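# Fold and geometry: a report
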Amino acid sequence: MRAELIHRLTYRYEAPVQLGEHRLCLRPRAQGHQRLIQHSLQISPVPVHSHELLAASGDAIERVRFQGSTASLQIDARSLVETRQAAPLLDCFNGLEPPLPYPRGQLNHDLLGALEGWLPNGQHDPSAVELAQDALMGGNQQALPFLQQLMEMIRDRVKYTQRHIGPAWPAGRTLRERVGSCRDLAMLMMECCRSVGLPARFVSGYHLAEPAPEQYDLHAWTEIYLPGAGWRGFDPSAGGEITSRYIVLASSSKPDLTAAVQGTFSGPVATESKLTWTIEAVVEPEPLSAPVAPLIQAA
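First, a word on what this report is: a plain description of the structure on this page. (Residues numbered from 1 in each chain as written. Predicted model: local features only at pLDDT ≥ 70, side-chain atom pairs only at ≥ 80, totals over all residues. Heavy atoms only, no water.)

## Overview of the state of the cysteines
One pass over the full model with this rule turns up 0 disulfides. In this structure C182 is not part of a disulfide, and its nearest cysteine sulfur, from C25, lies 16 Å away. Look at C182 and you get buried, because its relative accessible area is 10%. (Disulfide = S-S within 2.5 Å. Buried < 20%, exposed > 50% of the residue type's maximum accessible area, 1.4 Å probe, protein only.)

## Regarding the nonpolar core
Counting 42 residues, the largest nonpolar core has F146, L147, L150, C193, L198 and L226 as the members making the most contacts within it. Contributions of two or more residues to this core are made by α1 (89–93), α2 (126–138), α3 (143–157), α4 (171–177), α5 (182–195), β8 (200–207) and β9 (218–226). The greatest single-element share of this core, amounting to 9 residues, is contributed by α5. In this structure, L24, V64, L73 and I75 belong to the second largest nonpolar core, which totals 15 residues. (Core = buried A, V, L, I, M, F, W, Y, C linked by side-chain atoms within 4.5 Å. Helix = DSSP H or I, 4+ residues; strand = E, 2+ residues; numbered from the N terminus.)

## A few points about the side chain of T258
Mapped onto the secondary structure, T258 falls in the loop between β12 (246–252) and β13 (261–266). In this structure T258 touches C25, F202, S204, A250, S251 and S252, once residues within four positions along its chain are discounted. (Contact = heavy atoms within 4.5 Å.)

## Digging into the packing of α2 against α3
Packing of α2 against α3 leaves a shortest axis separation of 8 Å and a crossing angle of 130°. Taken together, the axes of α2 and α3 lie oblique to each other. Note that α2 runs across α3; the crossing there is right-handed. Residues L131, A132, D134, A135, L136 and G138 of α2 form the contact with α3, whose own contacting residues are F146, Q149, L150, M153, I154 and R157. (Axes fitted to C-alpha atoms, helices over the stretch in contact; angles between N-to-C directions. Parallel < 35°, antiparallel > 145°, perpendicular 65-115°, else oblique. Left-handed = near helix turned anticlockwise from the far one by under 90°.)

## Overview of the environment of Q133
Mapped onto the elements of the fold, Q133 is located in helix α2. The spacing of Q133 and S40 is 93 residues in sequence and 45 Å in space, taken between C-alpha atoms.

## Section: the pairing of strand β1 (residues 2–24)
Side chains on a regular strand alternate between the two faces of the sheet. When β1 meets strand β5 (residues 69–83), the two strands line up antiparallel, connected through 13 bridges. Bridged to E4 within β5 is L80. Two elements, β1 and strand β14 (residues 273–283), share 11 bridges in a ladder whose sense is antiparallel. From the neighbouring strand, I6 faces β14, where its bridge partner is E280. Where β1 meets β13, 5 bridges bridge the pair, whose relative direction is antiparallel. Considered in β13, the bridge of L19 is made with F265. (Pairing = 2+ DSSP bridges.)

This is the structure we're talking about:
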């Protein structure tokens, strides 16, 4: 799939403010099953300094600094992205699908940060552990049946709803409330997978669903590291593995590090800001498969 994206965010302030440093996660991933063809960023007011950095996750992040005061901040990110469907997981495993729980000692140490629990001491949320154990038994302790069973149980126990404000809820709250946004469900799946030894991280990006909705919004899902297949995306909101119609912006073991825009401002006491955004996407039609010529056998 090839898609042209225009993501515009506008912050308006009740009074002129001084903008602090901002961290932008608006550049689509440029490796793996995704190719970034073009990307540009327009910011008003124009920053006095900007630099791109490679985050711990491997994503390209932009940091910008400003001078002077302003009553608004507008950010326009334009990208042309091409995606392709990943190889079938069973083909990647070659008959050696990893059994669960997966032993930590067999993992590359670079992945250990994607196994830590949400609690301050690094332990996993007990409610997420319980849900994971139920899915583990229903999936016969095999990775792919476990993941499918887990997504089905999440959809059965938690009603999906949109929630534009606030960080991702911890797993326990989502299960207790029995309702959650895409980022809450992603956090829940992430915590459950980590508790059975599968490294997991939070992903922010776009889902260019078909048919197209009236308005696109940012979406969140989970990436699981499966030995033999690498990082693969799963969307608990949709109940399945991601397709080529998903575009990754940022991923991290900590959900707050994937926010599209993070920054501060200072001004008169109690000054409030209002955010509006639009996401436009033009998706090129999938090319028709070339007709397959019939085989002609020699006599």
